[in-house]
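# A closer look at the structure
The lines below spell out each chain.
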Amino acid sequence: MRVFFIGFGQAGGKVVDMFIEQDRKSGMNNFRGIAVNTARTDLMGLKNIELKDRILIGQTVVKGHGVGTDNVTGARIAADEIDSIVNAIDTRGTHDVDAFVIVAGLGGGTGSGGSPVLARHLKRIYREPVYVLGLLPAPEEGRLYTYNAARSLSTLVKEADNVFVFDNSAWKNEGESVKTAYSRLNDEIVRRFGVLFRAGEVSKAGVGEMVVDSSEIINTLRGGGITSVGYAVTEMVSERTKKKRGLFGGLKESLSKKEKTEEVLMGEDKSAKVIALVRRAMLGRLTLPCDYSTAERALVLVAGNPNEMDRKGVEKAKSWVEENIAGVEVRGGDYPVESTFVAAVVVLATIGEAPRVRELFEIARETKEDVIKSKEKRSSMFDDPEIDPLFE
Ligand SMILES: Nc1nc2c(ncn2[C@@H]2O[C@H](COP(=O)(O)OP(=O)(O)OP(=O)(O)O)[C@@H](O)[C@H]2O)c(=O)[nH]1
């Protein structure tokens, strides 16, 4: 899949910078990316996005210092400067792009407020789908972050074609602060979404048996709403690969009778391993912990060495996923890469129930009520008819 990333705000910029780095290292050149921010220093800190692709907005309003966690200002600045953002995207080239992915921390100001505005405009201008990868704040960051994230997320589900959610709090370790966890969390994000977004593109390892096309990813995400992604990885080198690579590698292709029997057993073994890997991906830690049985659609992607791929295994794993989600649409296939590792990605699309999202909205509702009450209290303190102001 050819993806155009837009990193909005500090967190979004950092994550997109890492996607670009990963893409460069893989030599595949599938990703294109720009960063948009109201803070000059955040843009200066990026390493892989070219200087000309770092767009500073809101200079006349915040003078390059960021919007200070005010996402209403973030949204206003994005709306005022939408032409220059879209222009930067256009200049970078969009003719061969399969999808746009906006990445943003939903708890802050610039990315939280700006990403729904940008999603709306991109959807109006382009035919390609517009997805958002939204990072949820940890509760310890305070109620303002939670309130911002709830407002941003509720707008994003209306404006974007689908929202991938990554919950920072689900991924930081017990006792660890979210700030010290960032680089580990970002590695996790880029690893799983990198495999997903690169699917369908021809890698050095060739073409897969059951190739996942970008249209399958797009169809999986068609239902909108929010989506969570599972991932698992294992080292999986069959005896045959080892033998081929080993001391006698290349000397003989014909296997003895005993070895042939072993191959058949290994075939089944490979299939069982693929199924186990996919189960681990879906039942393990998801980007957003959720009730997977409420997912409307799913995509199963197995990436690894073509020798270790097993069509039957992928098919059985897809059936297992189908039995466990609400809907019946499960797409999937393999994706060959030159590696001794095999990774499974399970996309649980259009989820109906995620406790963290419910909690986020609950806290946001209470926060709004508290803010209104304290405003009323403050204004009543000065609201004394006996005391005349100096002038009206
Ligand atoms: N996963 C992850 N989350 C981050 C990172 N940096 C910030 N966040 C989260 O993103 C939210 C804040 O968003 P930022 O991107 O820093 O804010 P911004 O969009 O630049 O907006 P302002 O700074 O208010 O102008 C918080 O909930 C942070 O926990 C990061 O590198 N990785």
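Residues numbered from 1 in each chain as written. Predicted model: local features only at pLDDT ≥ 70, side-chain atom pairs only at ≥ 80, totals over all residues.

## Some points on the nonpolar core
Note the threshold: Any nonpolar core is a set of buried residues, restricted to Ala, Val, Leu, Ile, Met, Phe, Trp, Tyr and Cys, that join up through C-beta atoms within 7 Å. Around each residue's C-beta, the other C-beta atoms within 10 Å are counted; 20 or more make the residue buried, 12 or fewer make it exposed, and counts in between make it partly exposed. All C-beta atoms are placed from the backbone. By definition, any uninterrupted DSSP run of H or I lasting at least four residues is a helix, any uninterrupted run of E lasting at least two residues is a strand, and each is numbered from the N terminus. An automatic or database domain assignment supplies the start and end points of every domain. Any pair of residues counts as being in contact when their C-beta atoms, constructed from backbone geometry, are within 7 Å of one another.
Judged by nonpolar contacts, the single largest core of 107 residues is most densely connected at V278, A298, V300, L301, V345, V346 and L348. A per-element tally of this core places strand β10 (residues 341-349) first, with eight residues. Taken together, domain 1 (3-198) and domain 2 (228-349) each give at least three residues to this core, which thus spans both. Other than its neighbours up to four places away in sequence, V300 contacts V278, V314, A317, K318, V321, V330, G332 and V346.

## Thoughts on the confidence of the model for the chain
Our working definition: Per residue, pLDDT measures the predictor's confidence, with a range of 0 to 100.
Mean pLDDT over the chain: 89, with 89% of residues reaching 70 or higher. Residue range residues 244-265 is modelled with pLDDT below 50. Its contacts to residues more than four positions away, or to other chains, number eight contacts. Confidence metrics for the complex model read pTM 0.90 and ipTM 0.99.

## Focus on the site of the ligand
Let me state the cut-off plainly: Each residue receives a C-beta atom placed from its backbone. It is near a molecule or strand if this atom lies within 6 Å of it. When residue character is reported, Ala, Val, Leu, Ile, Met, Phe, Trp, Tyr, Cys and Pro are called nonpolar, Asp, Glu, Lys and Arg charged, and the others, Gly included, polar.
Lining the immediate environment of the ligand, one finds 27 residues, of which G9, G105, G107, G108 and G109 sit closest. For the shell around the ligand, the class distribution of residues is nine nonpolar, 15 polar and three charged.

## Here we look at the sheet that holds strand β3 (residues 54-56)
The line we're drawing: Pairing between two strands requires that DSSP report at least two bridges joining them. Only the stretch in contact is used when a helix axis is fitted, and all axes are lines through C-alpha atoms; the angle between N-to-C directions ranges over 0 to 180 degrees.
One open sheet accounts for ten strands, arranged β3-β2-β1-β4-β5-β6-β7-β10-β8-β9; its pairing is mixed. Two strands in the sheet have a free side with no partner beyond their single neighbour: β3 and β9 (329-336). Between one strand axis and the next, the sheet turns through 20° on average, direction left out of account. Both strand β1 (residues 3-8) and strand β4 (residues 99-105) contribute to a ladder of six bridges, which runs parallel. Residue pairing for β4: G7 is matched across the bridge by V103. The strands touched by helix α9 (residues 178-198) within the sheet are β1, β5 (130-136), β6 (162-167), β7 (226-235), β8 (297-304) and β10, with β10 carrying the most contacts at an inclination of about 85°.

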